[in-house]
Amino acid sequence: RTQRVKKILIANRGEIAVRVARTCREMGIPTVAVYSDADRGALHVRSCDEAVHIGPAASRESYLVIEKVIDACKKTGADAIHPGYGFLSENAKFARACAAAGILFIGPPPEAMDEMGEKTRARRKAIDAGVPVVPGMKEPIVEGGEEAAKKFALEIGYPIMLKAAAGGGGKGMRLVENPKDFDSSYATAQREAIGAFGDGRVYIEKAVSRPRHVEIQVFGDTHGNCIWLGERECSVQRRHQKVIEETPSAIVTPELRAEMGRVAVNAAKAVKYVGAGTCEFLVDGNTKHFYFLEMNTRLQVEHPVTELCTGLDLVRWQIEIARGGKLPWTQEDVLKNLRGHAVEARLYAENPAKNFLPSPGDISELRLSDGPGVRNDCGVESGSEVPRYYDPMIGKLAVWASTRSEAIDRLKRALSETVVKGITTNTAYLKRVLDLEEFRKGDYDTGLLARAADRLLRDDPSPDEDLALAAAAIWQLEQDQKASYKAAPAASEESAWQRAGRLSALRRGR
Amino acid sequence: RTQRVKKILIANRGEIAVRVARTCREMGIPTVAVYSDADRGALHVRSCDEAVHIGPAASRESYLVIEKVIDACKKTGADAIHPGYGFLSENAKFARACAAAGILFIGPPPEAMDEMGEKTRARRKAIDAGVPVVPGMKEPIVEGGEEAAKKFALEIGYPIMLKAAAGGGGKGMRLVENPKDFDSSYATAQREAIGAFGDGRVYIEKAVSRPRHVEIQVFGDTHGNCIWLGERECSVQRRHQKVIEETPSAIVTPELRAEMGRVAVNAAKAVKYVGAGTCEFLVDGNTKHFYFLEMNTRLQVEHPVTELCTGLDLVRWQIEIARGGKLPWTQEDVLKNLRGHAVEARLYAENPAKNFLPSPGDISELRLSDGPGVRNDCGVESGSEVPRYYDPMIGKLAVWASTRSEAIDRLKRALSETVVKGITTNTAYLKRVLDLEEFRKGDYDTGLLARAADRLLRDDPSPDEDLALAAAAIWQLEQDQKASYKAAPAASEESAWQRAGRLSALRRGR
Amino acid sequence: MKYHAVVRGEDRVIDIVKREGGYKVTIDGRALDIDAVSLKGGGLSLLAGLRSARVDVQPGKDGKLAVLIGETVHELELLDERRMRMRKAGGKFSLEGPQRIDAPMPGKVVRVLVKTGDEVTEGQGIIVVEAMKMENELKSPKAGKITELLAVEGAAVESGAKLAVVS
Amino acid sequence: MKYHAVVRGEDRVIDIVKREGGYKVTIDGRALDIDAVSLKGGGLSLLAGLRSARVDVQPGKDGKLAVLIGETVHELELLDERRMRMRKAGGKFSLEGPQRIDAPMPGKVVRVLVKTGDEVTEGQGIIVVEAMKMENELKSPKAGKITELLAVEGAAVESGAKLAVVS
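Position labels on residues start from 1 in each chain and follow its written sequence. Both sets of labels track the order of writing: A upward for chains, 1 upward for ligands. Predicted model: local features are reported for residues with pLDDT of at least 70 only, side-chain atom pairs are reported and counted for 80 or more only, and whole-chain, interface and lining totals are derived from all residues. For side-chain calculations, the full set of non-hydrogen atoms in the structure is used, while hydrogens and water are omitted.

This part covers the overall build of chain C. Helix and strand assignments follow DSSP, with helices taken as H or I runs no shorter than four residues and strands as E runs no shorter than two, numbered in order from the N terminus. On a plain count of helices and strands, chain C comes out with one helix and 16 strands. The contact criterion used is simple: two residues touch if any of their non-hydrogen atoms lie within 4.5 Å. For chain C, the share of sequence-separated contacts (at least 6 apart) that also reach a separation of at least 24 residues comes to 38%. Here, Shrake-Rupley sampling with a 1.4 Å probe gives the accessible areas, and only protein chains in the shown set may cover a residue. Of the roughly 7700 Å² of accessible surface on chain C, 55% is carried by carbon and sulfur atoms.

Assigned secondary structure in chain A consists of 19 helices and 22 strands. Against the 2.2 N^0.38 benchmark of 24 Å for 510 residues, chain A shows a C-alpha radius of gyration of 23 Å, consistent with a compact globule. For chain A, the spread of C-alpha atoms along the three principal axes comes to 75 × 55 × 50 Å. Of the contacts made within chain A by residues no fewer than 6 positions apart, 66% connect residues no fewer than 24 positions apart. Element-wise, carbon and sulfur atoms account for 53% of the exposed surface of chain A, whose accessible area totals about 17300 Å². Only four residue types enter the charge count: Lys and Arg as positive, Asp and Glu as negative, with His and the chain ends excluded. Where a charge sits is defined by one atom per residue type, namely NZ (Lys), CZ (Arg), CG (Asp) or CD (Glu). Each charge class in chain A can be summarised by its mean position, and for the 73 positive and 71 negative side chains these summaries are 2 Å apart. Here the globule rule reads 2.2 Å times residues to the power 0.38, and the radius of gyration is calculated from C-alpha atoms.

Right, let's get into the relation of the copies chain A and chain B. Put simply, the two copies of the chain differ by a rotation about an axis and a shift along that axis. Superposing chain A onto chain B takes a rotation of 180° combined with a translation of 0.0 Å along the rotation axis, leaving an RMSD of 0.1 Å. Accordingly, the operation relating the two chain copies is best matched by a two-fold axis. Of all interface residues in chain A, 100% are interface residues in chain B too; the two copies therefore contact each other through one and the same surface. When the copies are superposed, the least-squares fit draws on C-alpha atoms of residues that have pLDDT of at least 70 in both.

Bringing the pattern of salt bridges into the picture now. We count a salt bridge whenever a side-chain nitrogen from Lys or Arg sits within 4 Å of a carboxyl oxygen from Asp or Glu. Evaluation of the coordinates by the stated rule reveals 135 salt bridges over all chains. Aspartate 435 of chain A serves as the salt-bridge partner of arginine 440 of chain A, at 3.5 Å between the closest nitrogen and oxygen. In this scheme, a residue with accessible area under 20% of its type's maximum is buried, one over 50% is exposed, and one in between is partly exposed, where area comes from a 1.4 Å probe on protein chains only. Arginine 440 of chain A sits in the partly exposed class, given a relative accessible area of 32%. For glutamate 148 of chain D, the salt bridge identified is with lysine 162 of chain D, shortest N-O distance 3.3 Å. Residue glutamate 148 of chain D is located in strand β14 (residues 144-149), and its partner lysine 162 of chain D is located in strand β16 (residues 162-166); the two are separated by 14 residues in the primary sequence. Residue lysine 162 of chain D is classed as partly exposed on the basis of its relative accessible area of 29%.

Taken together, the contact between chain B and chain C spans 65 residues of the former and 72 residues of the latter. Around 5800 Å² of area is buried between chain B and chain C when both sides are counted, 59% of it from carbon and sulfur atoms. Counting across the interface, chain B meets chain C through seven salt bridges. N or O atoms within 3.5 Å of each other form a polar contact, as long as, within protein, one can give a hydrogen and the other can take it, and as long as residues adjacent in sequence are counted only when both atoms are side-chain atoms. At the surface where chain B touches chain C, the tally comes to 12 residue pairs in polar contact (both at pLDDT 80 or more). The element that contributes the greatest number of residues to the side of chain B that touches chain C is helix α18 (residues 465-485) of chain B, accounting for 16 residues. Each residue belonging to the side of chain B that touches chain C can be placed in one class, and the counts come to 28 nonpolar, 13 polar and 24 charged. Take the accessible area each of two parts loses on contact, using a 1.4 Å probe, and add the two losses: that sum is the buried area. Gly counts as polar in this scheme, as do all residues outside two lists: the nonpolar Ala, Val, Leu, Ile, Met, Phe, Trp, Tyr, Cys and Pro, and the charged Asp, Glu, Lys and Arg.

Turning to helix α9 (residues 254-270) of chain B, a few remarks are in order. Here the expected length of a helix is defined as 1.5 Å per residue gap, with one fewer gap than residues. Between its terminal C-alpha atoms α9 of chain B stretches 24 Å, which fits the 24 Å expected from 17 residues at 1.5 Å a residue. Among all positions of α9 of chain B, only Leu256, Arg257, Met260, Gly261, Val263, Ala264, Val265, Ala267 and Ala268 of chain B are buried.

What follows covers the packing of aromatic side chains. The description of two aromatic rings rests on the distance between their centres and on the angle between their planes. Between rings of Phe, Tyr and Trp, where Trp is taken as its six-membered ring, a pair exists when centres lie within 6.5 Å; planes separated by under 30 degrees are stacked, by over 60 edge-to-face, and by other angles tilted. Inspection of the entire model under this criterion finds 22 aromatic pairs over all chains. With a centroid separation of 5.1 Å and 25° between ring planes, the pair formed by tyrosine 63 of chain A and phenylalanine 87 of chain A is classed as stacked. Remark: phenylalanine 87 of chain A occurs in the loop between β4 (80-82) and α4 (92-100) and tyrosine 63 of chain A occurs in the loop between β3 (50-53) and α3 (66-76); sequence separation between them is 24 residues. Taken together through their ring pairs, the aromatic side chains of Tyr63, Phe87, Tyr389 and Tyr390 of chain A make up a single cluster. Any Lys NZ or Arg CZ found within 6 Å of a ring centre and within 35 degrees of that ring's normal is scored as a charge over the ring. In this arrangement the basic side chain of arginine 238 of chain A is found over the ring face of phenylalanine 356 of chain A, its NZ or CZ atom lying 3.6 Å from the centre. In this structure, arginine 212 of chain B packs its charged tip against the face of tyrosine 444 of chain B, placed 4.7 Å from the ring centre.

What follows is about the packing of helix α1 (residues 14-27) of chain B against helix α11 (residues 314-322) of chain B. Residue and element names in this part refer to chain B. Note on method: axes are straight lines fitted to C-alpha atoms, helices fitted across the in-contact stretch only, with angles between N-to-C directions ranging 0 to 180 degrees. Here α1 crosses α11 at 65°, and the two axes come no closer than 9 Å. Along this stretch, α1 crosses α11, giving a crossing that reads as right-handed. Across the interface between the two elements, Arg19, Val20, Thr23, Cys24, Glu26 and Met27 of α1 pack against Leu314, Val315, Arg316, Ile319 and Glu320 of α11. Handedness of a crossing is defined here by the sense of rotation of the near helix relative to the far one, left-handed for an anticlockwise turn of less than a right angle and right-handed for a clockwise turn.

We call two strands paired when DSSP finds no fewer than two bridges between them. With respect to topology, four strands assemble into an open sheet ordered β9-β16-β14-β11 (chain C), the strand pairing being antiparallel. The open sheet has two edge strands, β9 (99-102) and β11 (119-120) of chain C, and neither has a second partner.

Before going further, it helps to examine the interface of chain A and chain B. With 34 residues of chain A in contact, the opposing surface of chain B contributes 34 residues. Here chain A and chain B share an interface that buries about 2700 Å² over both sides, 48% of which is from carbon and sulfur atoms. Considering only the side of chain A, the residues that lose the most area to chain B are Arg22, Glu26 and Arg339 of chain A, jointly responsible for 25% of the buried surface there. Between chain A and chain B we count 10 salt bridges in total. Note that arginine 316 of chain B and glutamate 406 of chain A form a salt bridge whose closest N and O atoms lie 3.7 Å from each other. Contributions of two or more residues to the side of chain A that touches chain B are made by α1 (14-27), α10 (303-310), β19 (374-378), α13 (404-417) and α19 (488-507) of chain A. Counting residues per element, the side of chain A that touches chain B draws most heavily on α13 of chain A, which supplies six residues. Of the residues assigned to the side of chain A that touches chain B, the class counts are nine nonpolar, eight polar and 17 charged.

So, on to the pairing of strand β12 (residues 275-284) of chain A. Residue and element names in this part refer to chain A. With respect to burial, β12 is a largely interior element, 10 of its 10 residues being buried. Summarising the sheet, β12 and strand β13 (residues 290-296) pair through six bridges and their orientation is antiparallel. Residue pairing across strands places threonine 278 opposite asparagine 296, the latter belonging to β13. The hairpin turn running from β12 into β13, its antiparallel successor, is five residues long, and lysine 288 in that turn takes a positive phi close to 65°.

It is worth spelling out the sheet that holds strand β21 (residues 393-401) of chain A at this point. All names here are of chain A. A sheet is described by the order of its strands in space; here eight strands give the open sequence β13-β12-β9-β10-β11-β14-β21-β19, paired in antiparallel fashion. Only two strands of the sheet have a single partner each, and these edge strands are β13 and β19. Strand-to-strand, the axes of this sheet are offset by a mean angle of 25°, without reference to chain direction. As paired elements, β19 and β21 share five bridges and run antiparallel to each other.

Here the focus is α3 of chain A. All names here are of chain A. Buried within α3 we find Ile66, Val69, Ile70, Ala72, Cys73 and Thr76. For α3, the arc enclosing every buried residue in end-on projection is 150°, short of the 170-degree limit, so these residues lie on one face. For α3, the exposed residues lying more than 90 degrees away from the buried face are Glu67, Lys74 and Lys75. Residues of α3 that are buried make contact with β1 (8-10), β2 (31-35), β3, β4 and α4. Positioned one or two residues after α3, glycine 77 has a phi angle of 75°, which is positive. Taken from the helix axis, the directions to the C-beta atoms give the arc we talk about.

With that settled, consider the confidence of the model for chain C. Confidence of the predictor at the level of single residues is given by pLDDT, which spans 0 to 100. Averaged over all residues, the pLDDT of chain C is 84; the fraction at 70 or higher stands at 89%. Confidence metrics for the complex model read pTM 0.85 and ipTM 0.82.

What follows concerns unusual backbone geometry. Cis peptide bonds are those with omega within 30 degrees of zero, and the linkage from threonine 247 of chain A to proline 248 of chain A qualifies with -5°. Along the chain, proline 248 of chain A turns up in the loop between β11 (241-247) and α9 (254-270). Backbone torsion omega between tyrosine 158 of chain B and proline 159 of chain B reads -5°, so that peptide bond is classified as cis. Summarising the element assignment, proline 159 of chain B is placed in the loop between α7 (146-156) and β6 (160-168). The phi dihedral of phenylalanine 356 of chain A falls on the positive side, at around 60°, and the residue is not glycine. Mapped onto the fold, phenylalanine 356 of chain A is located in the loop between β15 (350-351) and β16 (357-358). The residue arginine 210 of chain B is not glycine, and still its phi comes out positive at about 40°. Here arginine 210 of chain B shows up in the loop between β8 (202-206) and β9 (211-220). The exposure class assigned to arginine 210 of chain B is partly exposed, which follows from its relative accessible area of 36%.

Looking now at the state of the cysteines. Two cysteine sulfur atoms form a disulfide, by the criterion used here, when they sit within 2.5 Å. Counted according to the given criterion, the structure contains zero disulfides over all chains. Not part of a disulfide, cysteine 279 of chain A finds its nearest cysteine sulfur in cysteine 226 of chain A, a span of 8.3 Å. Take cysteine 98 of chain B: it sits in no disulfide, and the sulfur closest to it among the cysteines is that of cysteine 73 of chain B, at 6.6 Å.

Structure representation (structure tokens):
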């Protein structure tokens with residue numbers, strides 16, 4: 001007796017909105033897009049069957065406004081909402097507003113979001129459920145509590161982490177090596193936390209040695225079933241932003257996987273979790289002890305690697321379970337079906353050579369990779385604009401192969417087919433990360449990218465330098481000639497080029 | 001003690017050359033492309049590390065000339081050749097020439113090609129190996145043997161099939177319903193056989209009732225091991241050209257699979273087969289009896305569906321085994337790893353509304369599908385030309401999902417994202433095939449497309465007709481305005497449009 | 001701007017006005033407010049009321065347009081005054097009067113199925129041309145009589161070469 | 001045609017001649033015969049001897065070109081006579097003389113790390129701007145002294161707005 005879903009509104013933008021729309025289309029469920037002034041021309045708008053404008057570019061005035069999203073549902077008769085990730089996806093108020101409006105929220109019950117949404121509360125919940133956690137504060141730092149906080153930090157001992165209580169995705173997160181940096185880091189963390197979540201509260205945690213970020217995908221249904229779907233290793237991070245994710249993790253043995261899975265499921269059951277959720281753990285690279293960090297009560301950016309190794313469509317499961325369906329798999333089915341290795345790279349519109357400065361602008365050409373074992377999830381296409389108002393991630397490239405080394409070689413091959421013109425992206429940077437010896441060996445922690453920064457950015461002479469020079473000369477000559485003919489294609493390219501030129505000139509920060 | 005391969009020459013063009021180059025890149029093996037006058041700008045040329053021109057457009061003067069291919073190897077120092085499919089891939093003379101030149105031929109030994117290459121000989125071999133075959137002639141029709149042939153046809157009874165002895169891919173194949181059509185069909189079959197294989201010999205076979213084309217992928221190594229990798233159902237055919245392939249087949253039970261697999265492996269072992277091969281069977285839709293048709297001693301066009309359900313890279317296996325490696329899997333491993341359902345659709349540059357007239361020309365825009373479970377293998381990209389000299393297949397779209405119905409829905413979704421402009425393709429036709437009730441039910445045979453022809457081509461009113469009219473008016477208005485500004489993009493589009501216009505005007509056959 | 005459209009044989013009259021935030025398109029008197037964004041490669045992102053659609057318009061056959069929306073290709077002819085005049089002038093493509101049968105692409109004539117003077121029915125096979133390794137039968141666009149026959153079996157022909165005329 | 005190129009700080013002289021079937025490109029005296037096909041979107045398919053390469057050329061930074069070949073991006077500057085003159089005239093982008101620090105994109109100044117008159121080293125952080133939810137530190141392009149400082153903490157700034165000058 002599962003509830004029917006007649007139409008789904010996707011309360012998001014970019015690649016995740018496109019990805020959700022794809023599964024809805026396959027399920028034969030019509031979709032509704034919402035868009036801000038900056039996104040009228042965005043791919044997710046034309047990927048849905050209907051679209052509703054919900055305000056100005058700034059997400060605080062559009063994608064984050066609960067009333068506007070609910071109104072869009074009423075206007076279009078959408079009876080369910082998929083929140084994607086970010087924006088309102090972990091906002092319990094939003095989930096309640098949906099319920100109040102008789103709209104099915106495709107995600108966990110608001111109570112579970114309350115319990116897991118606020119980090120210190122989640123920690124307490126986890127501790128009660130017997131889940132190991134990193135030593136740290138049980139409450140965020142209060143107004144004027146800075147001194148007490150510093151005392152606490154000294155007690156558990158530096159280095160420590162400052163984290164946004166409402167946080168996630170590394171925003172409002174700071175590593176503090178020693179007491180003298182506390183104040184400045186605290187200020188930055190608060191500022192970023194307010195900017196990202198409209199909530200500046202921050203708390204303290206002990207920093208773990210050679211820490212690896214390993215998370216467990218869990219899934220619960222409304223019939224009391226809950227299972228885990230394996231782990232994702234997300235230790236390749238820059239400033240707490242995930243860059244490359246893989247599954248399985250090189251340090252996770254079948255025993256450790258089962259143990260972490262059991263613990264994650266316990267944490268989920270402790271809050272009567274329903275739908276797709278992720279328990280993030282910090283694993284000590286030396287001792288392999290693992291500590292619960294937080295639970296993300298939504299679909300993760302990196303969910304494709306889990307889909308590739310399990311063969312599941314997690315969005316389809318989210319929808320089935322939201323409308324009251326039973327989990328189609330038992331824990332044993334998972335073990336039977338886990339197969340091979342998957343790696344995902346995130347494509348960012350940013351300039352690694354300029355301290356990873358975001359590079360919004362017009363994509364004059366986008367060439368994605370294809371062929372065996374390759375999956376692209378992209379929020380843009382040739383001709384798209386990357387607006388400056390939102391996250392600079394333009395898409396994800398994930399690959400599957402039967403072994404880790406084949407998967408890495410495949411991802412490198414796919415990256416070498418991936419070309420984005422008009423804006424600057426991190427594709428070349430990603431290829432270098434894949435070549436890092438530590439990464440190839442699987443012997444890395446969350447400090448990898450920081451430690452390898454020099455190796456990742458140096459530009460060494462290439463055997464193709466003369467060919468590159470020749471190519472540049474040929475290209476320039478043809479451009480000049482076309483321009484002088486005032487022939488159509490040249491003209492149009494020229495203008496595209498000039499735009500690109502201007503943009504990147506600006507990007508130089510001179 | 002496996003042989004090293006330093007450089008691989010890919011003796012082919014189009015999507016298969018690109019696909020082979022991808023695996024070589026992942027394996028770190030440099031590649032050499034060959035190209036005719038018509039293919040200098042082709043995608044496969046720039047997908048390889050080196051390229052050698054081997055003559056005029058006509059394949060008989062380029063891709064089919066053994067000496068030119070061998071010379072290209074010597075010129076570039078390539079020590080191995082991957083033949084792809086078609087062209088020289090099943091030519092034993094070529095395999096011998098490679099051996100003589102000290103070049104590793106990535107395919108079966110020439111002896112096996114001899115035994116399986118010529119159909120009537122293959123039939124005898126199969127019969128000796130206890131493989132069931134369709135009643136038919138053991139020798140091709142000889143010069144002046146037409147009368148004897150007609151007598152034989154009457155004995156086994158009409159309908160009969162005429163087949164090219166050197167044949168494959170449906171070329172030189174004709175169904176003859178009754179005696180009066182024998183002469184004309186025989187003439188056509190011979191003509192096509194000469195055109196396609198330079199060998200006009202034809203033989204007679206009894207036609208099977210509700211025939212389904214089901215083939216078994218086999219793999220042998222140089223250490224005497226040989227296994228099967230499941231079946232492919234290829235009954236969705238038009239004029240004996242495969243259009244849509246899937247695995248598993250809706251009529252193949254685990255028992256039938258094991259039995260067909262066993263028989264296929266026996267046939268392969270009977271000729272000491274090494275590498276990737278495919279045994280094609282005709283399965284009687286009523287009795288489920290199966291008959292050996294022929295063995296293709298090369299990689300098949302439709303190999304991706306097998307890769308999707310086994311998780312293997314067949315090209316990687318071909319290379320590993322050609323250099324003396326052992327099969328990494330036992331038959332039990334296959335059974336453990338077979339998973340889900342895969343369907344492939346072939347994209348042809350042809351116009352279904354004009355009796356499937358091939359439509360070569362310039363592709364002004366190519367938009368491929370992406371997202372979960374989608375795989376594209378394409379020989380072209382935006383701006384590519386489809387030359388009129390070669391097969392009109394421009395690429396393949398394959399999808400994987402956990403069930404057949406989800407896979408079909410996914411393929412439909414992916415096709416709706418696939419847009420080819422500038423030439424006419426069969427994408428809309430393919431979507432209609434997927435909607436045929438018989439196909440959805442899995443209850444079809446090789447006559448499906450012929451029987452459904454009317455349903456597949458009718459153009460019924462669409463609810464979007466007014467929107468289409470509005471879109472056309474908006475587009476036209478913008479074109480006219482741009483044109484009047486003589487603005488660059490408009491001008492360039494115009495010319496592309498006009499070219500497209502001319503082309504299709506010609507295509508109308510007026 | 002006024003356009004005269006023909007779709008599935010039916011005549012439609014379209015009036016289109018550009019205005020703030022898109023277009024007002026009136027089809028046979030029914031008005032649609034449409035917001036349109038042009039995409040790279042000649043596509044459009046349309047918003048018609050709540051409906052969102054990606055539309056690909058591809059010109060072909062002498063001013064005919066193929067309009068792709070989701071699953072469906074709409075074949076239509078759009079005529080402004082200019083085209084209207086052209087159309088009126090040389091009725092070349094109407095089925096009144098003699099019809100040429102041209103070679104659709106370079107290839108080889110493998111069979112000629114009629115003789116000059118033969119009566120043919122619409123859709124009857126006239127000539128078989130081989131191109132891209134496939135035999136393609138050219139059919140008569142109308143019922144009538146073969147008044148000219150230039151095709152010769154075995155002859156190579158270029159694109160657009162006149163092969164026969166049906167009157 | 002002659003070009004003057006700068007790659008990884010080195011000067012290279014390129015002479016290019018179009019001719020039958022491609023180009024003759026001479027780099028510092030060494031000649032290459034190259035067959036080039038232009039691809040949609042500004043790419044090139046090059047054949048240099050046996051070598052086949054797909055090359056993507058993307059102009060950026062004031063005449064600088066990013067040339068992508070397989071795994072590697074080559075950043076280089078290509079100057080013909082005209083550009084050479086420009087370059088000689090306004091040395092705007094050379095590191096001689098005062099250097100402007102402009103806002104890389106619209107955003108908000110969250111911190112100013114220097115005062116007018118401060119001595120700064122090359123690469124030292126000068127101003128932090130927040131854009132796309134990320135804090136981005138603008139560094140000094142050269143060692144010198146802050147002679148102008150227009151950035152104000154908390155202020156919203158438009159693309160290219162002058163924030164400071166290092167002399």
